[in-house]
Amino acid sequence: MYLHFFLRITQSALLLGSASCLNHSEYNVRQSLDSLMGKYDYIVVGGGTSGLVVAARLSEDTNKTVLVVENGDFANTTNVTVPYFVTRDQTSRTYHMPSIPQANLAGRVTNLRIGNVVGGGSTINGMAWVRGSAVDYDSWKDLGNPGWGWGTLFGYFRNSSRFSPPADEYVKRYGFEWDHNAYGDGPIHVGYPSWQWPAAELQARAWADDLNASVLVDGADGNNVGVAWLLQNSDGIEATRSTAETAYYSPASTRPNLHLLVRHYGAIVKFQGNTTVGVEVVSRDGGASRFISSENVILAAGAVNTPRLLQLSGIGPASLLKTLGIDVVVDAPGVGANFQDHPSFYMLYQFDNNTAINPDSMNSTEFYSEAWEEYVRNKTGPFSHAWGNHIVFVSLRDLDPEFETIVDELGSQEPLEYLPTIYAEYPNLLEGFLRQRSVLQSQFLSPKAGVVEIAFGGATKFPVALQKPLSRGTIFINSTNPDPSIPPLVDFNAVSNPVDMRLILRAFRKARQFMAAESVASLKPVELSPGLAVSDEVEIERVMRESLLSPSFDHPAGTAAMMPQEWGGVVDSHLRVYGVEGLWVVDASVMPILPAAHTQATVYAVAEYAAELIRSCGARV
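Within the structure shown, the criterion is met by 35 aromatic pairs. Seen from their ring centres, Phe 163 and Tyr 183 are 5.5 Å apart, and the 45° between their planes marks the pair as tilted. Taken as a pair, Phe 163 in strand 5 (residues 161-163) and Tyr 183 in the loop between helix 7 (168-174) and strand 6 (188-190) lie far apart in primary sequence, 20 residues in all. Neither residue differs from the other here; Phe 163 and Tyr 183 are each classed as buried. Ring pairs connect the aromatic residues Tyr 137, Trp 140, Trp 148, Trp 150, Phe 154, Tyr 156, Phe 157 and Tyr 609, which therefore count as one cluster. Against the face of Tyr 375 rests Lys 379, its NZ or CZ located 5.3 Å from the ring centre. Looking at Lys 461, its charged tip hangs above the ring of Tyr 346, at a distance of 4.9 Å from the centre.

So, in C-alpha cells, the structure goes:
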C-alpha cells in the first residue's frame, strides 16, 4: 500500500519534461496589466479551446497584434496530461458554477463543470474526440445560417486534427480502424491508445451481434449512428493529451504579436454608440483594472461566461438589464436563452466473472506500479488509455418503435408550457424554438440522426446521454459584479419537456438490453445502480428525477445562438453579434442546437472557421 501511495505522489516529478503540456512556452505570457500594450488589433476574451485556436490563427498575420485574456493559469500537472488521469478531480481548474434548484429534478442543484485554465475544456475534459453526423450540422444551415453545414465544417474538422495511431503491433492487436480521409495535418493529435481492457471487445460484440447496431469505423465521415471506435485527443505514440494550449498556443507563443494574459478576466466590453472600442480587463488577484483598446473583440469565454459578459456589457434582454441598472446597448433576448446540455446518467454493474485483467486491476499495487513504469518508459499500457474507446449513437427509430408517434406528439405540444418565461415575453425567441423543433422532428425521423449516446470501454460503469433535448434553459446575471468566480443564475430547466423524459426512459431500457446481451453474459453482469428492483417506468422515472439523472454531460451550448435575429439569434452566420460592430462570438454559445457528439471536436472546427470568417469578413484593422 505504501508503494502504491508513493508512486501516486511522485508521478508529477517522474513525468516532468515528458508530458507536452508541461513544456509550454511562456515567452509572451503576461501576468500583469502594466505589461500590456494600450491597444491591440484583436482582443480575445477567453483562453480556452476556441479562444486559443482563433488567436493562433489570427496572429499568423505578423502585422496584427492579438491579446488573449484568460482567467485561469497553466495546468502544470500530470493530472491533465496523462490519459488515465482524466477522471481525477479537476476542481482547482474549473469554475464553481452551481445551478439553481432544478424544478423537474426534485430541487437538486448541479455544478456545471467548465474549465478555468489555459486551454479550457480541452485541458480537463474526458478526451473524447467524436463528430456528429452530417444531419447535425446541416440542421444549423437549415436554421438560417448559409455557409454552414457538414459540407463546410468537414474541411475544418480536417484542418484542426491529424490522426496519430499507436505502433502497428497495437493496431493489429486490437483491430483499430479509422477513416484516413477524415483527418488532415491539423495541430490536434487524435488517435487510439496502446491499451484496451479485454471486456470492451465483448461489449462491442453485444452491439454488433446481439443488438444489430451498424458497425462503423470511427463515425467521422458524416454518419455516426451505430457502434464505432471512439478516438481520444492524444498521440498514439507520445500518449499525452493534445490540447488547444499544447497544439495551438505553444507553437505560436514566441510570436511577438501574440500576448497571453493569465489570471485576468474581461469585465465589460465597451462601446461608443454601437461600435466596439475595447475591454475593461481586471486582475483576479486583487482586482486592479485597465481599459485595453481594440476595435475587434472576440468572445470565447464559453456558454456560461460569454452570455454573462454580453449581458454585463449591455447586450441582452432589456427587461433583465434594466432591473440591474445596466444601460441597454442592444435588446437581445437570445443572450442567455436557448441553453442546452446533454442530460446524462450512469449505469453501474458488478461483473461476477470479470476478465482476468480489468480496470479494477489498477487497485493492485503491483499491477499499478508496473503499468506506471511501462508508461514512463514507453508511453504504452493502461496509463495511455483515457476512459473508453467505443461509442454508440442510437437513432430514435432504433430506440422506440413508436418513433413516429413521438414526433406527432411533439408537433402538437403547446411549447410555452415547457419553455422559460422569457419565451413568452419575446415572440422571436418562441419563433426560434419552433424552427428548432421542426428541425428536431426531421432528425427524429432520420435513421442517420443519433438521439442517445452510450460509451464504454470494458469498465463496470458507463454513461448514457440524451443527445437531442427539447428542454431549454437560461443563463442570466443577477449582479453587476463582473468577477467570474461569482456564478450567474444557471438554470438547465432540465427535462421540462416531457418528450425528454420519454427518450431518457427508452435510453435506460436500451442500456439494460446492452448489458443483458448474450455477448456479455460470460461476464455475469449484475446491475448495482439503480438496481433491478427499479423495474417499472414510473419507478425508473422517479429515480431519474430524484437522484440518477444529471442535467449536464459537461456540454453546455446555445446561449448566443447563430440564427436570424427575428428567430432570437444573437450572432449572424459570420458570428458577428447583431446590433454592434466589431464583436464576435466563437465558442459553443453559437451552436443553435447540440450535435449528437461530445462537443470538443466541433468547437475546434467552429473556431477554425471563425478565424477565417473574422479575417475575411469585416475585421476593422
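Strand order in the open sheet formed by 3 strands is 10-11-12, and the pairing between neighbours is antiparallel. The open sheet terminates on both sides in strands that have one partner only, identified here as strand 10 (264-272) and strand 12 (289-293). Taken over all neighbouring pairs, the strand axes of this sheet differ in orientation by 25° on average, direction set aside. In terms of strand pairing, strand 11 (residues 275-283) meets strand 12 through 5 bridges, oriented antiparallel. Bridge pairing links Val 279 to Ile 292 in strand 12.

Attention now moves to the nonpolar core. Judged by nonpolar contacts, the single largest core of 184 residues is most densely connected at Ile 315, Phe 462, Leu 575 and Leu 583. Look past the residues within four positions of Ile 315 in its chain and what remains in contact with it is Phe 271, Leu 310, Leu 321, Val 329, Val 330, Ala 332, Val 335, Val 577, Val 580 and Leu 583. Among the nonpolar cores identified, the runner-up in size contains 8 residues, and Val 130, Ile 391, Phe 393 and Ala 596 belong to it.

The geometry of helix 2 (residues 49-58) relative to helix 9 (residues 244-252) is characterised by a closest axis approach of 9 Å and an angle of 25° between their N-to-C directions. Regarding the angle of helix 2 to helix 9, the classification is roughly parallel. In this structure, helix 2 crosses over helix 9, and the sense of that crossing is left-handed. Along the contact surface, helix 2 presents Thr 49, Leu 52, Val 53, Ala 56 and Arg 57, while helix 9 presents Ala 244, Glu 245, Tyr 248, Tyr 249 and Ala 252. When the residues that make up the contact of helix 2 with helix 9 are grouped by side-chain class, the tally is 7 nonpolar, 1 polar and 2 charged.

Moving on, we get to the pattern of salt bridges. Within this structure, the stated rule accounts for 23 salt bridges. Ionic pairing is found between Arg 615 and Glu 60, a salt bridge with its closest N-O pair at 3.3 Å. Separated by 555 residues along the polypeptide, Arg 615 in helix 19 (residues 600-616) and Glu 60 in the loop between helix 2 and strand 3 (66-70) bring together distant segments of the chain. By relative accessible area, which is 41% here, Arg 615 ends up partly exposed. A salt bridge links Glu 280 to Lys 270; its shortest N-O distance comes to 3.4 Å. Taken together, the residues span a long stretch of sequence, with Glu 280 in strand 11 and Lys 270 in strand 10 at a distance of 10 residues. The exposure class of Glu 280 is buried, given its relative accessible area of 16%.

Before going further, it helps to examine the sheet that holds strand 7 (residues 226-229). Pairing in this open sheet of 6 strands is antiparallel, and the strands run 7-17-18-19-16-22 from one edge to the other. Pairing within the sheet leaves two strands with one partner each, and these edge strands are strand 7 and strand 22 (525-529). Neighbouring strand axes in the sheet, compared pairwise and without regard to direction, differ in orientation by 25° on average. Inspection of the sheet shows strand 18 (residues 450-456) paired to strand 19 (residues 461-466) by 3 bridges, in the antiparallel sense. Among the inter-strand pairings, Ile 454 is bridged to a residue of strand 19, identified as Val 464.

As a further point, take unusual backbone geometry. A negative phi holds for most residues other than glycine; trans holds for most peptide bonds. Going from Ser 529 to Pro 530, the amide bond is cis rather than trans, its omega being 5°. Topologically, Pro 530 is positioned in the loop between strand 22 and helix 18 (537-548). Not every positive phi belongs to a glycine, and Met 127 is a case in point at roughly 70°. As for its position among the elements, Met 127 is in the loop between helix 4 (121-124) and strand 4 (128-129). Phi is positive for Asn 338, which is not a glycine, with a value near 60°.

Moving on: the environment of Phe 393. Turning to its location among the elements, Phe 393 is positioned in strand 17 (residues 390-395). The sequence separation of Phe 393 and Ala 228 amounts to 165 residues, and the corresponding C-alpha distance is 8.7 Å. With sequence-adjacent residues up to four places away left out, Phe 393 is seen in contact with Val 130, Asn 224, Val 225, Gly 226, Gly 450, Val 452, Glu 453, Gln 467, Ala 596 and Ala 597.

Before going further, it helps to spend a moment on a nonpolar patch on the surface. Taken together, the side chains of Leu 348, Val 526 and Leu 528 define a hydrophobic patch exposed on the protein surface, amounting to about 210 Å² of accessible area. Considering the arrangement of structural elements, one finds Leu 528 in strand 22.

Moving on, we come to the environment of Trp 148. In this structure, Trp 148 sits in the loop between helix 5 (134-142) and helix 6 (150-160). Distance from Trp 148 to Ile 540, taken between C-alpha atoms, is 40 Å for residues 392 residues apart in sequence. Contacts of Trp 148, omitting those with residues within four sequence positions, involve Trp 140, Lys 141, Leu 153, Met 562, Ser 573, Leu 575, Val 606, Tyr 609 and Leu 613. In this structure the side chain of Trp 148 is engaged in a polar contact, spanning 2.8 Å, whose partner is the backbone oxygen of Ser 573.

Turning next to the confidence of the model for the protein. Close reading of the predicted structure is inappropriate where its pLDDT is low. Looking at the protein, pLDDT values average 95 and 95% of them are 70 or higher. Predicted confidence for residues 1-25 stays below pLDDT 50, and this span has 52 contacts to residues more than four positions away or in other chains.

Thresholds, definitions, all that
- Residues numbered from 1 in each chain as written.
- Predicted model: local features only at pLDDT ≥ 70, side-chain atom pairs only at ≥ 80, totals over all residues.
- Heavy atoms only, no water.
- Phe/Tyr/Trp six-rings, centres within 6.5 Å; stacked < 30°, edge-to-face > 60°.
- Helix = DSSP H or I, 4+ residues; strand = E, 2+ residues; numbered from the N terminus.
- Buried < 20%, exposed > 50% of the residue type's maximum accessible area, 1.4 Å probe, protein only.
- Lys NZ or Arg CZ within 6 Å of the ring centre and 35° of its normal.
- Pairing = 2+ DSSP bridges.
- Axes fitted to C-alpha atoms, helices over the stretch in contact; angles between N-to-C directions.
- Core = buried A, V, L, I, M, F, W, Y, C linked by side-chain atoms within 4.5 Å.
- Contact = heavy atoms within 4.5 Å.
- Parallel < 35°, antiparallel > 145°, perpendicular 65-115°, else oblique.
- Left-handed = near helix turned anticlockwise from the far one by under 90°.
- Nonpolar A, V, L, I, M, F, W, Y, C, P; charged D, E, K, R; others polar.
- Salt bridge = Lys/Arg side-chain N within 4 Å of Asp/Glu carboxyl O.
- Patch = residues over 30% accessible without salt bridge, like charges linked within 9 Å, V, L, I, M, F, W, Y side chains within 5 Å.
- Areas by Shrake-Rupley, 256 points an atom, 1.4 Å probe, with all protein chains shown as cover.
- Polar contact = N/O pair within 3.5 Å; in protein donor to acceptor, adjacent residues only side chain to side chain.
- pLDDT = per-residue confidence, 0-100.

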